[in-house]
Amino acid sequence: MSENIFITEERIDGSDDGPLAGKTVAVKDNISTEGVRTTCGSRMLEDYVPPYDATVVSRLKDAGATIVGKANMDEFGMGTTTETSYFGETDNPAAPGHVPGGSSGGSAAAVAAGEADLALGSDTGGSVRCPAAFCGVVGIKPTYGLVSRYGLVAYGNSLEQIGPFGETVEEAASLLDVIAGSDDRDATTRETPLEADESYADAATGDVDGLSIGVPTELLEGADEGVVETFWDALAELEDRGAEYHEVSLPSVEHAVEAYYVIAMSEASSNLARFDGVRYGRSGGYDGNWNEAFATAREEGFGDEVKRRILLGTYALSAGYHDKYYKKAQDARAWVKQDFDEALSEADVLASPTMPVPPFELGESLDDPLQLYLADANTVPVNLADLPAISVPAGETDGLPVGLQLVGPAFGEERLIRAASALA
Ligand code: GLN
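What counts as what
- Residues numbered from 1 in each chain as written.
- Predicted model: local features only at pLDDT ≥ 70, side-chain atom pairs only at ≥ 80, totals over all residues.
- Heavy atoms only, no water.
- 1 Å grid on protein atoms, 1.4 Å probe; cavity = no way out; pocket = protein on both sides within 12 Å on 5 of 7 lines; lining within 4 Å.
- Points joined across faces, edges and corners; volume = space filled by probe spheres on them.
- Nonpolar A, V, L, I, M, F, W, Y, C, P; charged D, E, K, R; others polar.
- Helix = DSSP H or I, 4+ residues; strand = E, 2+ residues; numbered from the N terminus.
- Contact = heavy atoms within 4.5 Å.
- Near = heavy atom within 4 Å.
- Polar contact = N/O pair within 3.5 Å; in protein donor to acceptor, adjacent residues only side chain to side chain.
- Sits in = over half its atoms within 2 Å of the grid points.
- Disulfide = S-S within 2.5 Å.
- Buried < 20%, exposed > 50% of the residue type's maximum accessible area, 1.4 Å probe, protein only.
- UniProt positions renumbered as here; feature names shortened; annotations may be inferred.

## Some thoughts on empty space enclosed by the protein
In total, this model carries three cavities of 30 Å³ or more according to the counting rule given. For the largest cavity, the calculated volume is near 90 Å³. Of the residues contributing to the lining of the largest cavity, the split by class is four nonpolar, eight polar and two charged. Counted as a void, the second largest cavity has a volume near 60 Å³. Every residue lining the second largest cavity is counted, 13 residues in all, and those nearest its centre are Asn30, Phe76, Gly77, Tyr155 and Glu160.

Here it is in structure tokens:
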């Protein structure tokens, strides 16, 4: 257990029947578990014990799953390496000495290390797909609205979805079957498009005969050479099995990282206002001055990355700057959506490397936040467009895992699962 995968190791035994009976599941520590500490990787919530379960957790319990612990993560989901966690870094079981990716690094590492059969993460801008790619496992970011966010501690609520990890596509899909579908407690959700006798797991047939794959050239530009080589090898494998690929273009994605960070930080600055030591979070004490009490709680409770984002988000939303940043970012978001619609009218799915780089060495990337934000170039456009995507192991470069990302049309998870299951 030297990898520091869990923040809280506590077992909630499942029942003997249900589709996940006998399966162990790690749950990211921003997903509420009744009676079990839920920290979001933050000192702010070091002692917070939720009084209720997130909808996905109730569904896990109903399905008979055994929860084995709350997995480490970047503080409030803000990061790409799991190194911003107040509880320390997690080592990558598939590439020791390297980061497991983030922000759901503990969840992916739990599956890669065999500490859990399955895991839940959340993906605001790549936080399921990035750690899946870096740890050599499968991760699915569902279409916005397929999975309930009730009980997920919000970071960028218009962008994020809870998503499953597994060692194979079929296993990850079996967890999606349990968590997907409408929930009265989250008005953005809707029913899955599956017929009564269908399941996502059943879609994992590996059949890619006749599948047309669009490769957005913009998502290969600037990527690491070894990553690109591994990506093409995986595409060749899909071609051998009857798929066809051609290049497509997503001109708007050059603005996606900027737009994503403006929107995500703006939403974060608002969502994190509740952590003031009174409504939620560690107390800042009270000495006759509430301003000071709130300031102390936030000064002591939040780490540097969270503070940076609250400051930038508050600035982007402030009077006089709102149109210049937030509104522009929303326009860019609409443009990205439109580009994906067009590209997906010319192909069944789109393929790219999940991450443009292999996993960083531990400690390598923390002092250059801008460089780190750019590593999200291939994942954030998908969240801006509300679309589903999957990351599946494509192979290795210099012994480090590389992930292949497939993106599909809204509520087209079955198609992605069928295609990706040809590789894992
Ligand atoms: N790395 C991105 C960020 O820091 C994605 C995070 C996420 O998906 N939660 O915002």
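## Things to note about the layout of surface pockets
The volume enclosed by the largest pocket comes to roughly 500 Å³. If you trace the largest pocket, you find 20 residues lining it, with Pro356, Gln371, Leu374, Ala375 and Ala377 closest to the centre. At the level of secondary structure, the elements contributing two or more residues to the lining of the largest pocket comprise α6 (256–271) and α10 (369–374). Here the element with the most residues in the lining of the largest pocket is α10; it accounts for three residues. Residue composition of the lining of the largest pocket, grouped by class: ten nonpolar, four polar and six charged.

## Thoughts on the environment of His322
For His322, the location among the structural elements is in helix α9 (residues 322–345). Each C-alpha atom, one on His322 and one on Lys28, is 33 Å from the other, the two residues being 294 residues apart in sequence. In contact with His322, other than residues within four places in its own chain, are Ala316, Leu317 and Lys327.

## So, the site of the ligand
Neighbouring the ligand are 15 residues; Thr124, Gly125, Ser127, Tyr155 and Tyr260 lie closest to it. Here an oxygen atom of the ligand sits 2.6 Å away from a polar atom, N or O, in the main chain of Gly125. Judged by the fraction of its atoms near the pocket grid, the ligand is located in the largest cavity. Looking at the shell around the ligand residue by residue, the classes come out as four nonpolar, eight polar and three charged.

## Considerations on the state of the cysteines
Taken as a whole and assessed by the stated rule, the structure comprises zero disulfides. Summary of cysteine pairing: Cys40 is not part of a disulfide, and the nearest cysteine sulfur, belonging to Cys130, is at 18 Å. For Cys130, which is in no disulfide, the shortest distance to another cysteine sulfur is to Cys135 and amounts to 8.6 Å. Cys130 gets classed as buried once you look at its relative accessible area, which sits at 1%.

## With respect to the UniProt feature "active site" (unreviewed entry) in the chain
Residues given the UniProt feature "active site" (unreviewed entry) here are Lys28, Ser103 and Ser127. Spatial clustering of the annotated residues is evident: they stretch over 100 residues in sequence, but the largest pairwise C-alpha distance comes to 10.8 Å. From this annotated list, the subset lining the largest cavity comprises Ser127. Mapped onto the secondary structure, Ser103 falls in the loop between β3 (66–71) and α2 (105–112). Those residues within four positions of Ser103 in sequence are excluded, and the remaining contacts are Lys28, Asn72, Met73, Asp74, Gly77, Met78, Gly79, Thr82, Ser122 and Ser127. Position of Ser127 among the secondary structure elements: in the loop between β4 (118–123) and α3 (129–135). Excluding anything up to four places from it in sequence, Ser127 contacts Lys28, Gly77, Gly79, Gly102, Ser103, Ser104, Ser122 and Phe165.

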